[in-house]
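A closer look at the structure
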Amino acid sequence: MWLRQAFFRWLIPAAFLLPLWLLVGWGVFQGGWAILWVLFIAVPSVFVGQLLLTLLTRSRPSVRVERAVSWWDVGGFTLWHGLTIAVGCFNDGAFGWLLAAAVVVGIGLVWLQLWQLWNEAKGSGARIRETISWSTVPGVDEPAPETRVREVFVIREKDSPE
């Protein structure tokens, strides 16, 4: 559980640190005109992509309640962040493959988040966190509890002159 909670806390700082790593990696491993690609394509896309994925992840009710991501999220984010860090090393022989893999995994991670959000949102929203022993919302086939108008009586003990 601690690992899932650590990933929950890591998501927002990752939106700032991963693009920063691309700039640092360019300065350490590369040089030249690749800075234009890093500044105008890589940094904004990693920043916006991470913020979108964080929003999708944190919008799930189970993540908000437990303050921990799922194991699917741990695996997906580990792979995507690892590939993003590897792209920031600007290895000449593997750069294209790493970049392509990071893009594919990023797109797959968006679909994973949407799939998990959809699965948790199926049915009525109030039934998502319901347990077997506790139920407040009637099921689809169960009749709703009968409501009736209740009468209200007001009894004054004595009239006060005001």
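See the structure above.
Residues numbered from 1 in each chain as written. Predicted model: local features only at pLDDT ≥ 70, side-chain atom pairs only at ≥ 80, totals over all residues. Heavy atoms only, no water.

**Digging into the nonpolar core**
Formed by 26 residues in total, the largest nonpolar core has its most connected members in Leu22, Val38, Val69, Phe77 and Leu109. Sort the elements by how many residues they give to this core and helix α1 (residues 2-29) lands first, with seven residues. Setting aside anything within four residues of it in sequence, one finds Leu22 in contact with Val38, Ala42, Val43, Val46, Thr84, Val87, Gly88 and Phe90. (Core = buried A, V, L, I, M, F, W, Y, C linked by side-chain atoms within 4.5 Å. Buried < 20%, exposed > 50% of the residue type's maximum accessible area, 1.4 Å probe, protein only. Helix = DSSP H or I, 4+ residues; strand = E, 2+ residues; numbered from the N terminus. Contact = heavy atoms within 4.5 Å.)

**Some details on the environment of Trp97**
Note that Trp97 resides in helix α5 (residues 95-121). Judged by its relative accessible area of 71%, Trp97 falls in the exposed class. Residues Trp97 and Leu83, 14 residues apart in the sequence, show an inter-C-alpha distance of 9.9 Å.

**Quick look at the packing of aromatic side chains**
All chains considered together, the criterion is met by six aromatic pairs. Seen in terms of ring centroids, Trp37 and Phe95 are 5.6 Å apart; in terms of plane orientation they differ by 80°. Their pairing is edge-to-face. Taken together, the positions of Trp37 in helix α2 (residues 34-58) and Phe95 in helix α5 put the pair 58 residues apart, joining distant regions of the chain. For Trp37, a relative accessible area of 24% corresponds to the partly exposed category. Look at Phe95 and you get partly exposed, because its relative accessible area is 23%. Ring centres of Phe90 and Phe95 lie 5.6 Å apart, and the angle between their planes is 15°; on these two criteria the pair is classed as stacked. With a relative accessible area of 7%, Phe90 lands in the buried category. An aromatic cluster of three or more residues is present, and its members are Trp37, Phe90 and Phe95. Its end group placed over the ring of Phe8, Arg58 keeps NZ or CZ at 4.0 Å from the ring centre. (Phe/Tyr/Trp six-rings, centres within 6.5 Å; stacked < 30°, edge-to-face > 60°. Lys NZ or Arg CZ within 6 Å of the ring centre and 35° of its normal.)

**Quick look at the environment of Asp73**
By the element assignment, Asp73 lies in helix α4 (residues 71-87). The exposure class of Asp73 is buried, given its relative accessible area of 0%. Residues Asp73 and Leu53, spaced 20 residues apart in sequence, show a C-alpha to C-alpha distance of 9.9 Å. In this structure, Asp73 is in contact with Thr57, Arg60, Thr78, Leu112, Gln113 and Gln116, ignoring residues within four places of it in sequence. Of note is the side chain of Asp73, whose polar atom sits 3.1 Å from the backbone nitrogen of Ser70. (Polar contact = N/O pair within 3.5 Å; in protein donor to acceptor, adjacent residues only side chain to side chain.)

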